[in-house]
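# What the coordinates show
Given next are the chains, with one letter for each unit.
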Amino acid sequence: TPTPPRTGPDHMFAAQFRNELVKLFSRKRTYIGFAAFIFTEFVILVLLSLPKVLAVFRKLVTQNGLEFNRYNSGLTLATFIIFFTVVILYTLYLALVSGDMVAKEVEDGTMRMILNRPVTRAHLIVQKIMACVVHTCVLGLFIGITALLLASLYQGGMGHLLVFDPREDVFAVFGPTEGLWRYSVAVGLMCLTFQPISAMALMLSCFDIRPAAATVVTLTVFSIDMILRSIPLFEPIERYLIGHHVSCWVRSFRHTMSWAETSESLLLLAGLTITCWVIGGAHFCTRDFKA
């Protein structure tokens, strides 16, 4: 006799989660971030080949007693790309996609139809949270992999790693093996530390607000945090700002990486992320979509 189809709660939840992922990655807006990063990476690599730009880079490397040809490598350029793109672009596209998750379906009038299906509101919001987590990780890994791939093709190999970021007190050099390991750890941490951005956008999306407003409010909150962090007078309270903890992925490039400091930042960001999920989920489960 043929095996009957699985219809248990776990199978139903998995099927509904797959549908959420299909909806997420079927929207054209989801892929704007991927395309924007590819374009930005190409532009940066092209500009880095200009003689005047290359001369500035050569001066920076040689002034620190390093051999330019050794550290003008795929790993170095890939790290340079992600350092100066993720803070703005990654934040923007996470907020854009997560801010759509609930508000867009309410705006389109499809949310009430979805709630007529055999799925509880709690299950639905958990599935949307999981979809946001997946999107954040997929986009972060995409940024890290494509930056390294394009930079390595441009330079003819990964080579040694030179990484510098005065704002985070980072200046380090690594061989090819350790450089690739440090780069991989940093990209993995990046996927984790940016979760609060998508969580906040999703939380706002659960309220009676338009998708664009959810995105704008999220970007405003994190932009204010960046502004406060950039003001030297506020350095004594820097540890209380979100951006300081989000940037722990950059500090993982230090020669002596502080796992205690990194763990503290990850725990604080996890608490902020879960708080956003709980607030958004609680409001979603009690909200009247007929009004």
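Refer to the structure presented above.
Residues numbered from 1 in each chain as written. Predicted model: local features only at pLDDT ≥ 70, side-chain atom pairs only at ≥ 80, totals over all residues. Heavy atoms only, no water.

Further remarks concern the overall build of the chain. Across its full length, the chain carries 15 helices and 2 strands. Principal-axis analysis of the C-alpha atoms places the extent of the chain at approximately 65 × 55 × 35 Å. Expressed as a percentage of its 291 residues, the buried residues of the chain come to 46%. In the chain, the proportion of contacts linking residues at least 24 apart, taken out of those at least 6 apart, comes to 78%. About 14,900 Å² of surface is accessible on the chain, with carbon and sulfur atoms providing 68% of the total. (Helix = DSSP H or I, 4+ residues; strand = E, 2+ residues; numbered from the N terminus. Buried < 20%, exposed > 50% of the residue type's maximum accessible area, 1.4 Å probe, protein only. Contact = heavy atoms within 4.5 Å. Areas by Shrake-Rupley, 256 points an atom, 1.4 Å probe, with all protein chains shown as cover.)

This brings us to the side chain of S247. Structurally, the position occupied by S247 is in the loop between helix 13 (242-246) and helix 14 (248-251). Ignoring any residue separated from it by four or fewer positions in sequence, one finds S247 in contact with E168 and R229.

The subject of this paragraph is the nonpolar core. Membership of the largest hydrophobic core comes to 58 residues, with the highest contact counts inside it found for I82, Y90, F194 and W249. Discounting chain neighbours no more than four positions away, the residues touching W249 are I82, F83, V86, A186, L189, M190, T193 and F194. If you look at the next biggest cluster of nonpolar residues, it comprises 17 residues, including L24, L115, I125 and C132. (Core = buried A, V, L, I, M, F, W, Y, C linked by side-chain atoms within 4.5 Å.)

This paragraph deals with the pattern of salt bridges. Summed over all chains, the structure comprises 17 salt bridges. With a closest N to O distance of 3.2 Å, E20 and K23 form a salt bridge. One end of the pair is E20 and the other is K23, both in helix 1 (residues 9-24) and 3 residues apart, which spans about a single turn. Overall, the relative accessible area of 5% leaves E20 in the buried class. The class for K23 is partly exposed, based on a relative accessible area of 28%. (Salt bridge = Lys/Arg side-chain N within 4 Å of Asp/Glu carboxyl O.)

What follows is about empty space enclosed by the protein. Scanning all chains against the criterion turns up 3 cavities of 30 Å³ or more. As a volume, the largest cavity reaches approximately 50 Å³. Lining the largest cavity, in full, are T76, T79, F80, F83, F84, L162, V163 and F164. For the lining of the largest cavity, the element with the most residues is helix 5 (residues 74-83), which contributes 4 residues. Residues that form the lining of the largest cavity fall into these classes: 6 nonpolar, 2 polar and no charged. (1 Å grid on protein atoms, 1.4 Å probe; cavity = no way out; pocket = protein on both sides within 12 Å on 5 of 7 lines; lining within 4 Å. Points joined across faces, edges and corners; volume = space filled by probe spheres on them. Nonpolar A, V, L, I, M, F, W, Y, C, P; charged D, E, K, R; others polar.)

Most of helix 6 (residues 86-98) sits inside the fold, with 10 of its 13 residues counted as buried. Listed in full, the buried residues belonging to helix 6 are V86, L89, Y90, T91, Y93, L94, A95, L96, V97 and S98.

This part is about the layout of surface pockets. Counted as a void, the largest pocket has a volume near 630 Å³. Around the largest pocket, the lining comprises 27 residues; the ones closest to its centre are F83, V87, M226, R229 and S247. Of all the secondary-structure elements, those providing two or more residues to the lining of the largest pocket are helix 6, strand 1 (161-165), helix 12 (211-230), helix 13 and helix 14. No other element matches helix 12, which puts 7 residues into the lining of the largest pocket.

Our focus in this paragraph is a nonpolar patch on the surface. Together, I224, L228, L233, F234, I237 and Y240 make up an exposed nonpolar region whose accessible area comes to about 650 Å². Note that L233 resides in the loop between helix 12 and helix 13. (Patch = residues over 30% accessible without salt bridge, like charges linked within 9 Å, V, L, I, M, F, W, Y side chains within 5 Å.)

Across the interface, helix 6 lies against helix 11 (residues 195-205) with an axial gap of 8 Å and an inter-helix angle of 30°. Compared by their axis directions, helix 6 and helix 11 come out roughly parallel. The two elements helix 6 and helix 11 meet at a crossing, and its hand is right-handed. Mapping the contact onto sequence places T91, L94, A95 and S98 in helix 6 and I197, S198, A201, L202 and S205 in helix 11. (Axes fitted to C-alpha atoms, helices over the stretch in contact; angles between N-to-C directions. Parallel < 35°, antiparallel > 145°, perpendicular 65-115°, else oblique. Left-handed = near helix turned anticlockwise from the far one by under 90°.)

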